[in-house]
Amino acid sequence: MNLSPLLSLLREMPALRQLVGELSTAKDEHKAFVLDAAKPFFIAALYEELNLPLMVVTAQPESARKLYEQLRAWCSPSAELHRLPELDFLPYDSYRLSAISYQMLERLRGLATLALHKNGNHPPLIVTSALAIMSKTIPQRDFVAACHVLKPGMTADPLELIGKWQSTGYEVEDVVEMPGQLGKRGGIIDVFPPCSQLPVRIEFSGNRIESMRWFDPESQRSSGTISSLIVTPAKEFIMPLGKISNSPDLDGCTAEVRQRFQADMARLQQGEWFPGAGFYFPIFNTGSVFDYLGDSALLVFDEPGEIELAITRLNEEAQELRATKMERGELPRGFPTPYLAWEELGPEMKERHYLALETWDATRSDKQVLPFIRAQSYGGQLERFLKTAKQMVEQRQRVFLVSHQANRLAELLQEEDIHTSPASQIEEMPPPGSITVLKGSLDGGWVMGDRLTIITDAELFGFVKQARPSKGRPVPHQLFLPQLAPGDYVVHVDHGIARFHGLTRMSSDGIEREYLVLEYAAGDRLYVPTERIDRISRYIGAGDQAPPLSRLRTPEWQRTKKKVKELVAEIAQELLELYAARELAPGFAFSRDSLWQQELEASFPYMETPDQVEAIMTVKEDMEKAKP
């Protein structure tokens, strides 16, 4: 759903024109009062009008996530919209950090967008939270220095490149399939920068780059060529090479903690990344997210009082935890704090181009109040809404209905002689005296004078369905290995049932690789490269009895597979006969959904996934046919 064509209606309002003029001429602190539901619309319009980098900060991470989702509907497809999330581990507890931190990857994309933005390009719009901005990060100058551009024809030492990338967090793998990984095979280097949609295969001839191509991380097949590649850090800290100057004081630590710190610091000095290395971020990260904002950027604080309160509270909790761990000897004395205090952020914020965004209420009489009021609520009374809809059309109002029940609402409006059809985006501005039905979701509706009325599920039904995360995340094959333990039974698609013995590393053609060891009957063993783990699945049997192991170098497994195929063919034949009989037999056709049925479905509080919607529609379509 894209609503960006509606932004022009707000740009014509005198209140916005006045605020834009003030923001363009003076870089002091400014303030605006906006209805909560209209804030995404206002921010999107301000971003397009100013054409400057914007960073919007909310008090809570959930508020930032919701605002980001709403801005995706209001901003144009060309907008450089990014979310800068908080790190996904607690302070002083990064030993539990997973091998792949999706939050960190998303933060790195946001930081890179800010650091590498140049005048003339689309300025970035960054949405973040109090917890995200108070976390210390890589100093901006170090981040920019760690980024570099590669192009075909350039001269570069492949080994030097790998060493440099490892120092910025890249991990060497046999198969590159996740952001932050790299691999080398002869004169070819595969690398997957966090800011790239796909990994890149770089082919060298000596020290000269011959070609660069995208490739599919699943099939590993190369596709189109690229003319340049920006390689950015893969972790949110840069490992120092050589001696670490500010090593922690371990005198007050327990023997176990002291030993672990010394071992980890030695690994860091060698430029090695390992799970839990994020614990040491505060030793190296001294920068602020605000350092990445240029002089022209606008900093927008949504409810500054709540942001200050959130930062202060989080810092107090972190300081209490820090003191407790030092008393127990679990943390070196003087270990740096991972957070910036409000006393550090507040002055830096006020030195910048700054807008305080506060919630509108009826008592406000300030000149910066934007012209939004709440839309009327109907609480599920659709008949009352339909009556009001006819009145709005007669009054020449421009109305937009944004709902997950767009199809049914369009049908109800047509029954009232209001002709409209559901759509997913706005192709052109509809005229006054019209109602446009859009399939989608917004947190709430509002009215902007006589120019625009937005009505959502919140006003129609009293609630908005909660969306489930729909963005798939790639999973490296290594993450399936913890599901297997030595002694578990597995099935290899080509060789049959075996017992998983464990993992081992062996060298072949000068390249060390990791293998799964499978034990078969008669003590035979099969070594399977971890990148071919897709050929293996866990054995699932009907009982607790251990299955017999297959024998290698015999046709036993092939005979078993052939027998299973024959049984499957027999079942398929029985199903064909069953469905043929169903086609000839008469059945009962159910009626189409009634209004009550639509209202019942609308009351379900969660948004259906695409697969659920498809299944529901298929079942209904089948029930409406006069076939059993």
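Everything quoted here is computed from the prediction, not taken from an experiment.

A. Quick look at helix H9 (residues 255-269). The end-to-end C-alpha separation of H9 is 21 Å, in line with the 21 Å expected for 15 residues at 1.5 Å each. Turning to H9, its buried residues number three or more, namely Val257, Phe261, Asp264, Met265 and Leu268. All buried residues of H9 fall inside an arc of 100° around its axis, so they share one side. The exposed residues of H9 that point more than 90 degrees off its buried face are Ala255, Glu256 and Gln259.

B. Spatial organisation of the environment of Arg83. Note that Arg83 resides in strand S3 (residues 80-84). Arg83 sits in the buried class, given a relative accessible area of 13%. Considered as a pair, Arg83 and Val289 are 206 residues apart in the sequence and their alpha carbons are 13 Å apart. When neighbours within four sequence positions are excluded, Arg83 is seen to be in contact with Pro61, Arg65, Tyr68, Gln103, Glu106 and Val127.

C. How the structure looks around the sheet that holds strand S18 (residues 446-448). Taken together, the 5 strands give an open sheet; going across it, the order is S15-S18-S19-S16-S17, and neighbouring strands pair in mixed fashion. The sheet is open, and its two edges are formed by strand S15 (373-374) and strand S17 (434-439), each paired on a single side.

D. The packing of aromatic side chains, seen in detail. Taken as a whole and judged by the stated rule, the model has 18 aromatic pairs. Consider the rings of Phe41 and Phe372, whose centres lie 6.0 Å apart with planes at 85°: the pair is edge-to-face. Of this pair, Phe41 sits in helix H3 (residues 39-50) while Phe372 sits in the loop between strand S14 (353-359) and S15, and the two are 331 residues apart along the sequence. Judged by relative accessible area, Phe41 falls into the buried class, the value being 0%.

E. Focus on the packing of helix H2 (residues 14-25) against H3. Packing of H2 against H3 brings their axes to within 11 Å, and their N-to-C directions diverge by 50°. Between H2 and H3, the angle falls in the class oblique. H3 is crossed by H2, and the crossing has right-handed handedness. From H2, Leu16, Arg17, Leu19, Val20, Leu23 and Ser24 reach across to H3, where they touch Phe42, Ala45, Leu46, Glu49 and Leu50. When the residues that make up the contact of H2 with H3 are grouped by side-chain class, the tally is 8 nonpolar, 1 polar and 2 charged.

F. Region of interest: a negative patch on the surface. On the surface, Glu566, Glu570, Glu574 and Glu577 cluster together into a negatively charged patch. Tracing the sequence through the fold places Glu570 in helix H16 (residues 556-584).

G. Spatial organisation of the nonpolar core. Met55, Phe143, Leu268, Tyr280, Phe290 and Phe301 are the most contacted members of the largest nonpolar core, which has 57 residues in total. At 6 residues, the largest contribution of residues to this core is made by helix H5 (residues 102-115). If we ignore the near neighbours within four places in the chain, the residues touching Phe301 are Val57, Ile133, Phe290, Ile307, Trp342, Met349, Tyr354, Leu355, Ala356 and Leu357. Residues Leu6, Tyr68, Leu125 and Ile454 belong to the second largest nonpolar core, which totals 53 residues.

H. Summary view of the sheet that holds strand S2 (residues 54-58). Read from one edge of the open sheet, 6 strands run S1-S14-S13-S2-S4-S3, paired in parallel fashion. For this open sheet the edge positions go to strand S1 (29-34) and S3, each flanked by a neighbour on one side alone. On average, adjacent strands in this sheet sit at an angle of 20° to one another, irrespective of strand direction. Strand direction decides the pairing type here: S2 and strand S4 (residues 124-129), joined by 5 bridges, are parallel. Paired with Val57 across the strands is Thr128, a residue of S4. Of the strands in this sheet, S1, S2, S3, S4, strand S13 (298-302) and S14 are in contact with H3, which crosses S14 at around 160°.

I. Layout of the pattern of salt bridges. With the rule as written, the count across this model stands at 20 salt bridges. The salt bridge partner of Arg72 is Glu69, with a shortest N-O separation of 3.4 Å. Taken together, the residues span about one helical turn, with Arg72 and Glu69 both in helix H4 (residues 61-74) at a distance of 3 residues. Among the ionic pairs, Glu411 bridges to Arg408, the shortest N-O distance being 2.8 Å.

J. Fine view of the pairing of strand S11 (residues 222-225). Here strand S10 (residues 208-215) runs beside S11; their pairing, made up of 2 bridges, is antiparallel. Bridge pairing links Arg213 to Thr225 in S11. Hairpin connection from S10 to S11: 6 residues lie between these consecutive antiparallel strands, with Gln220 at a positive phi of about 65°.

Criteria and cut-off values
Residues numbered from 1 in each chain as written. Predicted model: local features only at pLDDT ≥ 70, side-chain atom pairs only at ≥ 80, totals over all residues. Heavy atoms only, no water. Helix = DSSP H or I, 4+ residues; strand = E, 2+ residues; numbered from the N terminus. Expected span 1.5 Å × (residues − 1). Buried < 20%, exposed > 50% of the residue type's maximum accessible area, 1.4 Å probe, protein only. Arc of directions from axis to C-beta. Contact = heavy atoms within 4.5 Å. Pairing = 2+ DSSP bridges. Phe/Tyr/Trp six-rings, centres within 6.5 Å; stacked < 30°, edge-to-face > 60°. Axes fitted to C-alpha atoms, helices over the stretch in contact; angles between N-to-C directions. Parallel < 35°, antiparallel > 145°, perpendicular 65-115°, else oblique. Left-handed = near helix turned anticlockwise from the far one by under 90°. Nonpolar A, V, L, I, M, F, W, Y, C, P; charged D, E, K, R; others polar. Patch = residues over 30% accessible without salt bridge, like charges linked within 9 Å, V, L, I, M, F, W, Y side chains within 5 Å. Areas by Shrake-Rupley, 256 points an atom, 1.4 Å probe, with all protein chains shown as cover. Salt bridge = Lys/Arg side-chain N within 4 Å of Asp/Glu carboxyl O. Lys, Arg positive; Asp, Glu negative; His and termini not counted. Charge placed at Lys NZ, Arg CZ, Asp CG, Glu CD. Core = buried A, V, L, I, M, F, W, Y, C linked by side-chain atoms within 4.5 Å.

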